[in-house]
Amino acid sequence: MLQRVQTIWLFLASAAIFCLFLFPYLQVYNPDGSFRAVKITGVQESVGGQIVQSETFLALTIITVIVALIPLITIFLFKNRKLQIKLCYLSIAAVLGFSFWLVQTAKKVLGPITLQSENYGLGVILPSLSVFFIVLALRGIRKDEKLIKSADRLR
């Protein structure tokens with residue numbers, strides 16, 4: 001059923017990944033007042049008071065959409081709970097792999113810059129938040145599976 005709590009958790013997991021398009025995950029401010037922001041779509045820099053996208057990440061953008069669609073698709077497989085559970089595990093693995101790719105991309109773009117706590121954007125916590133929501137959805141799916149099995153034993 002679409003009216004279950006795991007639907008909300010899976011939707012929030014998908015929305016958290018899609019929010020990466022809005023928020024940068026790293027921001028580096030230079031002493032001269034310019035900055036570099038690393039987002040899913042690419043690197044944005046301030047040049048002469050204007051924000052310019054200096055580098056584009058097409059593959060990262062496409063993978064972000066795919067990773068965000070997995071929990072969204074999982075919502076509509078409510079009749080097959082075992083497949084939902086497998087897709088939740090796949091989604092967790094995909095988000096973790098995606099997070100690793102984000103870190104490697106940031107290291108490549110920023111180079112030997114030492115990052116401090118003010119350099120991290122809101123996008124840093126969104127993949128972790130997505131994994132948390134998927135785990136909560138997984139707990140709800142298992143609870144439904146347990147309820148169905150107990151109801152089948154009573155018949």
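Calculation notes
- Here the residue numbers are simple positions, counted from 1 along each chain's written sequence.
- Totals for whole chains, interfaces and linings use every residue, but because this is a predicted model, local features are given only for residues with pLDDT of at least 70 and side-chain atom pairs only at 80 or more, for both listing and counting.
- Side-chain numbers here rest on the full set of heavy atoms in the structure, without hydrogens or water.
- Strands are runs of DSSP state E lasting at least 2 residues, helices are runs of H or I lasting at least 4, and numbering of each runs from the N terminus.
- Three labels apply to residues, based on accessible area from a 1.4 Å probe with only protein chains included: buried if under 20% of the type maximum, exposed if over 50%, partly exposed otherwise in between.
- Residue contacts are counted whenever heavy atoms from the two residues lie within 4.5 Å of one another.
- Areas reported here follow the Shrake-Rupley algorithm with a probe of radius 1.4 Å; residue values treat only the protein chains shown as occluding.
- Neither His nor the chain termini are counted; the positive set is Lys and Arg, and the negative set is Asp and Glu.
- Charged groups are reduced to one reference atom each: NZ for lysine, CZ for arginine, CG for aspartic acid, CD for glutamic acid.
- Expected helix span is computed as 1.5 Å times (number of residues minus one).
- Two strands qualify as a pair provided DSSP detects at least 2 bridges between them.
- Identification of polar contacts relies on pairs of N or O atoms within 3.5 Å, with a donor-acceptor requirement for protein atoms, meaning one able to donate a hydrogen and the other able to accept it, and with residues adjacent in sequence counted only if both atoms are side-chain atoms.
- A carboxyl oxygen of Asp or Glu within 4 Å of a side-chain nitrogen of Lys or Arg is what we treat as a salt bridge.

Sorry if this is basic, but what is going on with the overall build of the protein chain here?
The secondary structure content of the protein chain amounts to 4 helices and 4 strands. Each principal axis of the C-alpha atoms in the protein chain carries an extent, and together these give about 75 × 25 × 20 Å. Of all 155 residues assigned to the protein chain, the portion counted as buried reaches 39%. Taking the intrachain contacts of the protein chain between residues at least 6 apart in sequence as the baseline, contacts between residues at least 24 apart amount to 64%. Accessible area for the protein chain stands at about 9,300 Å²; split by element, carbon and sulfur atoms hold 67% of it. Within the protein chain, one finds 16 positive and 7 negative side-chain charges whose respective centroids are separated by 17 Å.

What is the right way to look at helix 1 (residues 5–18) in this model?
Given 3.6 residues per turn, any residue in an α-helix points the same way as the ones three and four places further on. With 14 residues, helix 1 extends 20 Å between its outermost C-alpha atoms, agreeing within 8% with the 20 Å of an ideal straight helix rising 1.5 Å per residue. For helix 1, the full list of buried residues reads Gln 6, Thr 7, Leu 10, Ala 13, Ser 14, Ala 16 and Ile 17.

Looking at this model, I keep getting lost on the pairing of strand 1 (residues 26–29). Mind explaining?
Both faces of the sheet carry side chains from a regular strand, because those side chains alternate between them. What you see with strand 1 is a clean split: Leu 26 and Val 28 sit on the buried side and Gln 27 and Tyr 29 on the side with no burial. As judged from the 4 bridges shared by strand 1 and strand 2 (residues 35–38), these two strands associate in the antiparallel manner. From the neighbouring strand, Leu 26 faces strand 2, where its bridge partner is Val 38. Between strand 1 and the antiparallel strand that follows it, strand 2, lie 5 residues; Gly 33 among them carries a positive phi value of about 100°.

Hey, could you run me through the side chain of Ser 130 in this one?
Mapped onto the secondary structure, Ser 130 falls in helix 4 (residues 126–154). Judged by its relative accessible area of 0%, Ser 130 falls in the buried class. At a separation of 3.2 Å, a polar atom in the side chain of Ser 130 contacts the main-chain carbonyl oxygen of Ala 13. Setting aside residues up to four positions removed in sequence, Ser 130 forms contacts with Ala 13, Ala 16, Ile 17 and Val 95.

Could you clarify how one ought to interpret the pattern of salt bridges in this entry?
Side chains bearing opposite charge may pair, as long as their charged atoms lie close to each other. Taken as a whole and judged by the stated rule, the model has 3 salt bridges. Across the pair Glu 45 and Arg 36 runs a salt bridge, and its minimum N-O distance is 3.9 Å. The shortest N-O distance in the salt bridge between Glu 145 and Arg 81 comes to 2.8 Å. Residue Glu 145 is located in helix 4, and its partner Arg 81 is located in helix 3 (residues 81–110); the two are separated by 64 residues in the primary sequence. On the accessibility criterion, Glu 145 (15% relative accessible area) is buried.

Keep in mind these numbers describe shape, not what the thing actually does.
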